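Read off the chains here:
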2 protein chains.
Amino acid sequence: MTDQPLVIFTPSGKRGHVAPGTKVLDAARSLGADLDSVCGRRGVCSKCQIAPSFGTHAKHGITVAEDALTPINAVEERYDRVRGLKPGRRLGCQAEILADVVIDVPPESQVHKQVVRKRAEARDITVDPAVRLHYVEVAEPTMDAPSGDCERLLDALKAEMGIETLGMDFALLPGLQKVLRKGGWKVTAAIHLDGAPEVIALWPGYHEGVFGLAVDIGSTTIAGHLTDLASGEVVASSGIMNPQIRYGEDVMSRVSHAMMNAGGAAELTAAVREGLNGLVGALVEEAGIDKGQILDAAFVMNPVMHHLFLGLDPYELGQAPFALATGSAQRLPARTLGLDIAPGTRAYVLPLIAGHVGADAAAVALSEQPHKSDDLVLVVDVGTNAEILLGDRTGVLACSSPTGPAFEGAQISSGQRAAPGAIERVEIDPVTKEPRFRVIGSELWSDDPGFADAIAGTGLTGICGSGIIEVVAEMRMAGIVDAKGLIGSAEETGSARCVAEGRTQSYVLWEGDETTPRITVTNNDVRAIQMAKAALYAGARLLMDKRGVDRVDRVVLAGAFGAHISPKHAMVLGMIPDVPLAKVSSAGNAAGTGARIALLNLGARAEIERVVGEIDKIETAIEPRFQEHFVAATAMPNAADPFDGLRAVVPLPEPSFGKSGESGRRRRRS
Amino acid sequence: MTDQPLVIFTPSGKRGHVAPGTKVLDAARSLGADLDSVCGRRGVCSKCQIAPSFGTHAKHGITVAEDALTPINAVEERYDRVRGLKPGRRLGCQAEILADVVIDVPPESQVHKQVVRKRAEARDITVDPAVRLHYVEVAEPTMDAPSGDCERLLDALKAEMGIETLGMDFALLPGLQKVLRKGGWKVTAAIHLDGAPEVIALWPGYHEGVFGLAVDIGSTTIAGHLTDLASGEVVASSGIMNPQIRYGEDVMSRVSHAMMNAGGAAELTAAVREGLNGLVGALVEEAGIDKGQILDAAFVMNPVMHHLFLGLDPYELGQAPFALATGSAQRLPARTLGLDIAPGTRAYVLPLIAGHVGADAAAVALSEQPHKSDDLVLVVDVGTNAEILLGDRTGVLACSSPTGPAFEGAQISSGQRAAPGAIERVEIDPVTKEPRFRVIGSELWSDDPGFADAIAGTGLTGICGSGIIEVVAEMRMAGIVDAKGLIGSAEETGSARCVAEGRTQSYVLWEGDETTPRITVTNNDVRAIQMAKAALYAGARLLMDKRGVDRVDRVVLAGAFGAHISPKHAMVLGMIPDVPLAKVSSAGNAAGTGARIALLNLGARAEIERVVGEIDKIETAIEPRFQEHFVAATAMPNAADPFDGLRAVVPLPEPSFGKSGESGRRRRRS
């Protein structure tokens with residue numbers, strides 16, 4: 001046995017011999033065990049709390065004596081007296097190792113904490129943000145050594161942190177001298193480590209608590225998550241309507257506004273930035289923190305939103321070849337983006353993938369990690385444009401497909417946004433052809449007793465995106481719609497709910513009464529869903545062609561819509577390629593999660609920039625095969641019910657209504 | 001003899017053998033000869049023009065054949081046709097070397113041109129600015145390769161310039177796409193190389209002409225020099241009153257304004273920035289250039305001006321220990337300093353030396369180079385504070401001395417700024433005690449015939465700084481003032497020009513008439529000059545003490561005042577240590593020259609930052625010896641006349657007037 005005591009850190013298992021008298025923190029650093037420290041060994045921050053584990057450790061073959069560490073010293077006593085130290089805990093920067101010892105590092109003392117995600121297949125997030133706090137004592141100025149306050153602060157931080165190139169954000173200089181004097185030359189500095197290391201915030205004395213924003217700027221909604229950069233937990237979430245909506249519902253009408261009006265792009269930029277500032281205010285109020293504690297922000301959005309947010313005219317995105325001004329990840333002060341947060345707050349904008357495939361898709365890739373998947377995964381983020389990723393660890397392809405707004409309930413006769421009162425679930429009895437449904441805000445089905453009372457509060461107002469998919473799929477399965485997408489007449493289907501409206505038939509989902517409207521599915525509605533699902537499917541098929549496969553191993557549905565969609569109905573409709581039902585999962589708001597990962601983990605930024613660089617970008621607009629797939633996919637597939645997840649295709653009676661279909665016409669939104 | 005032709009470049013003398021067919025430009029690059037090129041060998045910029053020198057070169061022992069280079073090619077013919085090529089000139093990027101050749105690189109084709117300074121002892125300035133132009137052809141976007149325009153531009157520049165880390169100023173992104181398309185994917189980029197390399201300006205097609213500003217922000221005057229960054233020549237100079245003057249004549253009253261008024265510092269910051277924007281407008285108009293061509297700026301100023309210009313509250317500079325917020329050199333976008341020039345214009349602020357010794361003193365050091373001097377040089381920049389440098393190549397000391405405004409004609413009974421009508425030269429006959437003088441704007445002495453007519457235009461309004469120094473020195477030499485600084489009475493001096501005013505005597509320099517005022521030198525005037533010169537001398541002596549010497553080899557007088565001061569009178573007064581008169585030189589506006597050097601030469605920035613770091617900073621306020629020197633120096637020295645430059649001290653009759661002196665009292669301006 002050596003004279004040097006053996007130290008074993010748990011849970012990491014890092015172990016080694018150290019000189020007697022070595023401080024626990026130094027032992028952890030030299031052995032590579034993860035132990036935090038902010039205050040530079042001053043016994044102030046208590047981030048380095050550890051728990052020695054006395055007694056016999058059969059597993060390690062050692063017995064730890066009660067005096068394996070030096071006794072509690074004056075610094076620890078003071079800390080315990082002032083702030084309280086849990087029983088059994090020691091400060092790693094004070095306790096010294098005298099004999100063999102097993103030392104447990106509790107989760108809160110680990111630098112790289114894990115944020116556990118709820119979904120089994122999702123990786124946990126390691127909290128390793130771009131912003132670090134460091135408490136430091138600064139030399140006071142004297143007339144003998146007339147260096148600047150800034151230089152003395154940086155010298156102190158450089159010496160303690162070992163960052164020779166550390167600089168200071170110029171925006172902090174005006175407040176610097178007061179903070180140093182208010183803190184009695186003891187201050188806590190926030191250091192930004194993404195790019196050239198810089199001090200970006202400063203507080204007098206010891207400070208804890210820095211936060212970051214993960215923001216998804218959608219065409220319709222801007223969603224923000226205020227996140228604790230130490231724990232990785234979301235402390236407040238809020239969403240607002242994108243104020244640009246007043247310039248057009250979809251991105252292309254906003255591009256038109258920018259093109260047709262002098263100063264139009266600047267107006268749109270000002271609108272989204274103003275909205276963001278309002279959102280930040282709401283989040284800060286909800287969390288009860290000071291705005292000055294928000295020091296970092298990660299942004300994701302589609303290419304048009306990206307350009308408008310950054311203050312770039314989206315003109316070129318409105319026409320082929322859809323040239324981006326820039327697609328690279330952006331690192332810049334948040335103030336440069338017109339955000340009024342703290343003087344030094346930083347912004348990170350994830351890279352765009354291509355002219356039609358945005359940073360939101362990059363964030364989906366960061367969250368769902370197709371590039372690390374062992375099996376071939378198709379990730380679909382459905383919105384006005386569907387963004388589609390296909391790949392595994394050998395490579396990833398991406399494209400965007402112009403699905404249009406039908407999946408969001410727009411351009412559907414009774415369509416509406418997902419909101420209370422909207423029909424979201426539909427079943428149609430294949431024998432009686434009678435429907436039943438549920439509306440958002442009520443637990444009851446429409447044929448349950450008490451349904452009328454149940455919807456008194458919400459009303460019954462229309463059909464949302466997931467409802468329209470279900471009703472069309474159910475109509476197909478019930479033989480009400482044929483393979484070409486035509487609704488049969490009452491005669492043909494044997495259902496009085498099929499009624500002629502003009503030259504086509506409609507299916508009456510709800511007759512309406514004094515308080516509720518009549519809700520029908522018209523043949524135009526079916527046609528709109530047909531077009532949308534064909535575009536989505538064609539995009540996925542195109543990527544499969546490029547990859548040289550005709551099946552995928554699993555499908556991930558991302559986005560708010562993806563979270564509510566019924567995989568069974570999506571497959572019946574032919575929105576997505578057939579896979580066993582158990583292999584379809586919903587990733588929820590994967591773009592938002594990706595933004596949060598980029599916010600919390602510095603390494604994830606480099607990762608997604610590398611991955612985006614390596615992705616094969618496919619432009620659907622110039623691919624003849626996309627057109628072919630689209631035409632083929634407008635048909636409603638031979639109705640299959642993959643209910644049991646075993647690809648048990650159950651052929652249904654196959655009706656065919658009307659004479660000819662107009663289903664082959666290609667529609668592309670410009 | 002080798003098969004490889006010998007190439008000799010003149011005037012550099014670089015020589016070597018190259019493979020036959022090597023382009024002249026490539027040969028220059030490989031042999032280290034200085035040959036410019038902006039357009040990446042496209043025959044567009046003609047910066048690489050050279051002149052082959054045919055015939056026998058006895059000096060080099062070679063004969064150059066007429067066909068030593070390939071014949072003029074199509075690119076050169078086109079250039080000659082379109083823009084014209086001087087006879088005998090070739091384009092170095094086109095002509096290939098076939099046989100032994102001597103190639104002359106004309107001055108305009110050298111990258112590192114020399115700006116020759118007029119003073120013999122001043123080094124020339126090598127033009128090697130932080131901003132370079134590069135003409136480049138950018139790949140057009142396609143749907144197959146959907147990278148951003150910015151990324152494609154940077155890729156092209158990286159490939160041609162070999163700068164892997166090249167970035168783009170975010171402020172350029174909004175205009176990027178239009179410029180690329182307007183130029184047909186051919187653009188000229190300006191690259192800023194001081195710090196992380198960035199594109200800071202962009203023009204469609206081929207562009208020439210970038211400019212920089214060298215600015216000296218004085219408490220009273222802001223002087224700007226618009227400089228061609230290619231040739232190093234000043235194309236326009238202009239000066240304005242510092243608009244902060246309305247908040248106080250001297251810097252300390254401005255610090256008081258900032259301290260006493262909420263928002264006072266911000267007011268002062270806005271005033272100086274507004275003034276600068278006006279100055280830029282005047283310079284641009286004078287030079288007839290576009291503001292967008294100004295891409296760099298170098299700034300020098302005293303510490304209070306520095307803080308106010310940067311937007312930092314100068315509060316701490318108003319009290320011991322005079323702590324700077326920051327003293328380091330600043331590199332930042334000019335827009336951050338509120339300057340409305342071009343989006344990407346950069347600013348470089350020279351480092352401060354200490355709380356009282358500014359970037360103007362650093363610029364003086366850059367211009368006068370005490371750190372490279374073989375002999376021990378004292379550099380004095382006289383203003384409201386005198387900034388004093390003493391040193392040689394073994395080391396430099398610096399201090400600031402509170403001379404007050406007397407040298408600038410303020411606080412002198414008949415004092416005024418140096419302007420037409422002000423007395424600037426004075427002689428007093430040592431026998432008759434009669435004076436004669438000259439005023440600014442007139443060539444005649446006051447005893448010359450026609451003087452009255454000569455000053456009809458200018459008037460005769462007072463005495464400026466150099467005049468007051470001469471008159472007091474002459475009074476001392478004429479025995480009108482004694483060693484303690486007392487003016488003798490008419491009886492004591494034998495001159496009716498000495499008249500009692502209150503308890504002391506005054507000397508009547510000009511009796512006045514209907515159009516001119518009576519101009520006298522009061523004993524208080526003499527006292528003010530005594531105090532000022534004592535402060536200056538004490539500062540210089542303190543540095544000499546620190547250096548352990550009691551003499552210096554030469555003295556350089558810098559600043560506008562230094563340019564007009566009479567070295568003889570300065571030495572008679574005891575303002576500066578005795579040296580042979582030939583060893584006193586005037587450096588003119590050395591601070592402005594230093595700013596221009598920092599603007600034109602990237603290496604000079606690193607040099608001055610290193611030198612400032614190494615300078616021994618002496619704070620006069622805490623040095624007991626400064627007090628002692630000050631007290632001792634209030635006396636008027638035993639009047640010496642070093643007229644002949646040989647330290648020939650000529651003792652004069654030594655009068656002593658009055659009973660006691662109050663000359664020992666220490667005065668320090670706070």
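Residues numbered from 1 in each chain as written. Chains lettered and ligands numbered in written order. Predicted model: local features only at pLDDT ≥ 70, side-chain atom pairs only at ≥ 80, totals over all residues. Heavy atoms only, no water.

## Digging into the overall build of chain A
- When its secondary structure is counted, chain A shows 17 helices and 33 strands.
- Each principal axis of the C-alpha distribution contributes one length, and for chain A these read about 95 × 65 × 55 Å.
- Here chain A holds 670 residues, and the buried ones make up 59% of them.
- Taking the contacts inside chain A whose residues are at least 6 apart along the sequence as the reference set, 66% of them involve residues at least 24 apart.
- Total accessible area computed for chain A in this model is approximately 25900 Å², and 52% of it derives from carbon and sulfur atoms.
- Across chain A, 66 positive and 83 negative side-chain charges occur, with their mean positions spaced 2 Å apart. (Helix = DSSP H or I, 4+ residues; strand = E, 2+ residues; numbered from the N terminus. Buried < 20%, exposed > 50% of the residue type's maximum accessible area, 1.4 Å probe, protein only. Contact = heavy atoms within 4.5 Å. Areas by Shrake-Rupley, 256 points an atom, 1.4 Å probe, with all protein chains shown as cover. Lys, Arg positive; Asp, Glu negative; His and termini not counted. Charge placed at Lys NZ, Arg CZ, Asp CG, Glu CD.)

## Observations concerning the packing of aromatic side chains
- Counted under the stated rule, the structure contains twelve aromatic pairs over all chains.
- Judged by centre distance (5.6 Å) and plane angle (80°), the ring pair of F437 of chain A and W510 of chain A falls under edge-to-face. Residue F437 of chain A is located in strand 26 (residues 435–439), and its partner W510 of chain A is located in strand 29 (residues 504–510); the two are separated by 73 residues in the primary sequence.
- Centre to centre, the rings of F299 of chain B and F309 of chain B are 4.8 Å apart; their planes meet at 45°, and the pair counts as tilted. Of this pair, F299 of chain B sits in strand 19 (residues 294–301) while F309 of chain B sits in helix 7 (residues 303–310), and the two are ten residues apart along the sequence. (Phe/Tyr/Trp six-rings, centres within 6.5 Å; stacked < 30°, edge-to-face > 60°.)

## Comments concerning the interface of chain A and chain B
- Listed as interface residues are 40 residues of chain A and, on the opposing side, 40 residues of chain B.
- Of the roughly 3000 Å² buried where chain A meets chain B, counting both sides, 64% is carbon and sulfur surface.
- Seen at the junction of chain A and chain B, the total is two salt bridges.
- E316 of chain B is paired through a salt bridge with R181 of chain A; the nearest N and O atoms lie 2.9 Å apart.
- When residues of the side of chain A that touches chain B are traced back to their parent elements, those giving at least two are helix 3 (149–161), helix 4 (173–182) and strand 20 (330–333) of chain A.
- Examining the composition of the side of chain A that touches chain B, we find that five residues originate from one element, helix 4 of chain A, more than from any other. (Buried area = accessible area lost by both parts, 1.4 Å probe. Salt bridge = Lys/Arg side-chain N within 4 Å of Asp/Glu carboxyl O.)

## Describing the relation of the copies chain A and chain B
- The two copies are related by a screw motion: chain A maps onto chain B through a turn of 180° and a shift of 0.0 Å along the axis, at an RMSD of 0.1 Å. Look at the turn and shift together and you get a two-fold axis relating the two. Scanning chain A for the C-alpha nearest the rotation axis identifies A196 of chain A, at a separation of 4.8 Å.
- The residues that chain A uses at the interface reappear at the interface of chain B in 98% of cases, marking a shared surface. (Least-squares fit on C-alpha atoms with pLDDT ≥ 70 in both.)

## Overview of the side chain of H307 of chain A
- Here H307 of chain A is to be found in helix 7 (residues 303–310).
- Residues in contact with H307 of chain A, not counting those within four places in the same chain, are L312, D313, P314, L317, L324, A325, T326 and L352 of chain A.

## Comments concerning the domain arrangement of chain A
Residue and element names in this part refer to chain A.
- According to the domain assignment, chain A consists of domain 1 (6–109), domain 2 (112–349), domain 3 (361–404 + 529–649) and domain 4 (406–522).
- Averaged C-alpha coordinates put domain 2 and domain 3 at centres separated by 31 Å.
- Carbon and sulfur atoms supply 56% of the area that domain 2 and domain 3 bury against each other, a total of about 2300 Å² over both sides.
- Joining domain 2 to domain 3, the criterion identifies three salt bridges.
- As a salt-bridge pair, D296 and R605 come within 2.9 Å of each other at their nearest N and O atoms.
- Here domain 2 and domain 3 share eight residue pairs in polar contact (both at pLDDT 80 or more) between them.
- Elements represented by at least two residues in the side of domain 2 that touches domain 3 include exactly strand 11 (125–126), strand 16 (211–217), strand 17 (221–228) and strand 19 (294–301).
- It is strand 16 that contributes the most residues to the side of domain 2 that touches domain 3, five residues altogether.
- The residue inventory of the side of domain 2 that touches domain 3, partitioned by class, reads 17 nonpolar, six polar and ten charged. (Domains from an automatic or database assignment. Polar contact = N/O pair within 3.5 Å; in protein donor to acceptor, adjacent residues only side chain to side chain. Nonpolar A, V, L, I, M, F, W, Y, C, P; charged D, E, K, R; others polar.)

## So, helix 1 (residues 24–31) of chain B
All names here are of chain B.
- Of the residues making up helix 1, those classed as buried are V24, L25, A27, A28 and L31. Projected down its long axis, helix 1 shows its buried positions confined to an angular sector of 160°, all on one face.
- Among the structural elements, strand 1 (6–10), strand 2 (15–17), strand 3 (22–23), strand 4 (49–53), strand 8 (96–97) and strand 9 (101–104) are those in contact with the buried residues of helix 1.
- Of the residues flanking the end of helix 1, it is G32, one or two places downstream, whose phi is positive at about 80°. (Arc of directions from axis to C-beta.)

## Points about the sheet that holds strand 33 (residues 616–617) of chain B
Residue and element names in this part refer to chain B.
- Spatially, the six strands line up as an open sheet ordered 32-31-22-23-24-33, and their pairing is mixed. Looking along the sheet, the strands with just one partner apiece sit at the ends: strand 32 (584–588) and strand 33.
- Of the pairings in the sheet, the one linking strand 22 (residues 377–381) to strand 31 (residues 554–558) comprises five bridges and is parallel in character. Looking at strand 31, one finds that V380 is bridged to L557.
- Contacting strand 22, strand 23 (386–392) and strand 24 (395–401), helix 12 (residues 523–547) crosses the sheet at an angle of about 25° to strand 23. (Pairing = 2+ DSSP bridges. Axes fitted to C-alpha atoms, helices over the stretch in contact; angles between N-to-C directions.)

## Here we look at the state of the cysteines
- Summed over all chains, the structure comprises zero disulfides over all chains.
- With no disulfide of its own, C45 of chain A lies closest to C39 of chain A among cysteine sulfurs, the gap being 3.7 Å. (Disulfide = S-S within 2.5 Å.)

## Description of unusual backbone geometry
- Residue A320 of chain A is joined to P321 of chain A through a cis peptide bond whose omega torsion reads 0°.
- Considering the arrangement of structural elements, one finds P321 of chain A in the loop between helix 7 and strand 20.
- In this model, T10 of chain B is joined to P11 of chain B through a cis peptide bond whose omega is 5°.
- With respect to the helices and strands, P11 of chain B occurs in the loop between strand 1 and strand 2.

## Quick word on the confidence of the model for chain A
Residues and elements named next belong to chain A.
- Within chain A, residue pLDDT values average 90, and 94% of them lie at 70 or more.
- Predicted confidence is poor over residues 640–652, with pLDDT under 50, and the contacts of this stretch with residues over four places away or in other chains come to 22 contacts.
- Confidence drops under a pLDDT of 50 for residues 660–670, and excluding neighbours within four residues, the segment shows 30 contacts in the predicted structure.
- Scored by ipTM, the complex comes to 0.86, with pTM at 0.87. (pLDDT = per-residue confidence, 0-100.)

## Some remarks on the packing of helix 12 of chain B against helix 17 (residues 624–633) of chain B
Residue and element names in this part refer to chain B.
- In the contact formed by helix 12 and helix 17, the axes pass within 8 Å of each other and the chain directions differ by 135°. The angle between helix 12 and helix 17 places the two elements in the oblique class. Between helix 12 and helix 17 lies a crossing whose hand is right-handed. From helix 12, M531, K533, A534, A535, Y537, A538, G539, R541, L542 and D545 reach across to helix 17, where they touch R625, F626, H629, F630 and A633.
- Of the residues in the contact of helix 12 with helix 17, the class split is nine nonpolar, two polar and four charged. (Parallel < 35°, antiparallel > 145°, perpendicular 65-115°, else oblique. Left-handed = near helix turned anticlockwise from the far one by under 90°.)

## Brief notes about helix 12 (residues 523–547) of chain A
All names here are of chain A.
- An ideal rise of 1.5 Å per residue puts 36 Å on 25 residues; helix 12 measures up with 35 Å between its terminal C-alpha atoms.
- Burial runs high along helix 12: 20 of the 25 residues are buried.
- Two to three positions downstream of the cap, the backbone nitrogen of N524 sits 3.3 Å from a side-chain oxygen, assigning the N-cap of helix 12 to T522.
- Count one or two residues on from helix 12 and you reach G548, which has phi positive near 80°. (Expected span 1.5 Å × (residues − 1).)

## Concerning the pattern of salt bridges
- Applying the stated criterion to the full structure yields 71 salt bridges over all chains.
- One continuous salt-bridge network, built from bridges that share partners, spans D194, D296, R331, R605 and E609 of chain A.

## Focus on the side chain of D525 of chain A
Residues and elements named next belong to chain A.
- Take D525: it is sitting in helix 12.
- The exposure class of D525 is buried, given its relative accessible area of 2%.
- Reaching out from D525, the side chain makes a polar contact with the side chain of S413 at a distance of 2.5 Å.
- In contact with D525, other than residues within four places in its own chain, are Q411, I412, S413, S414 and T520.

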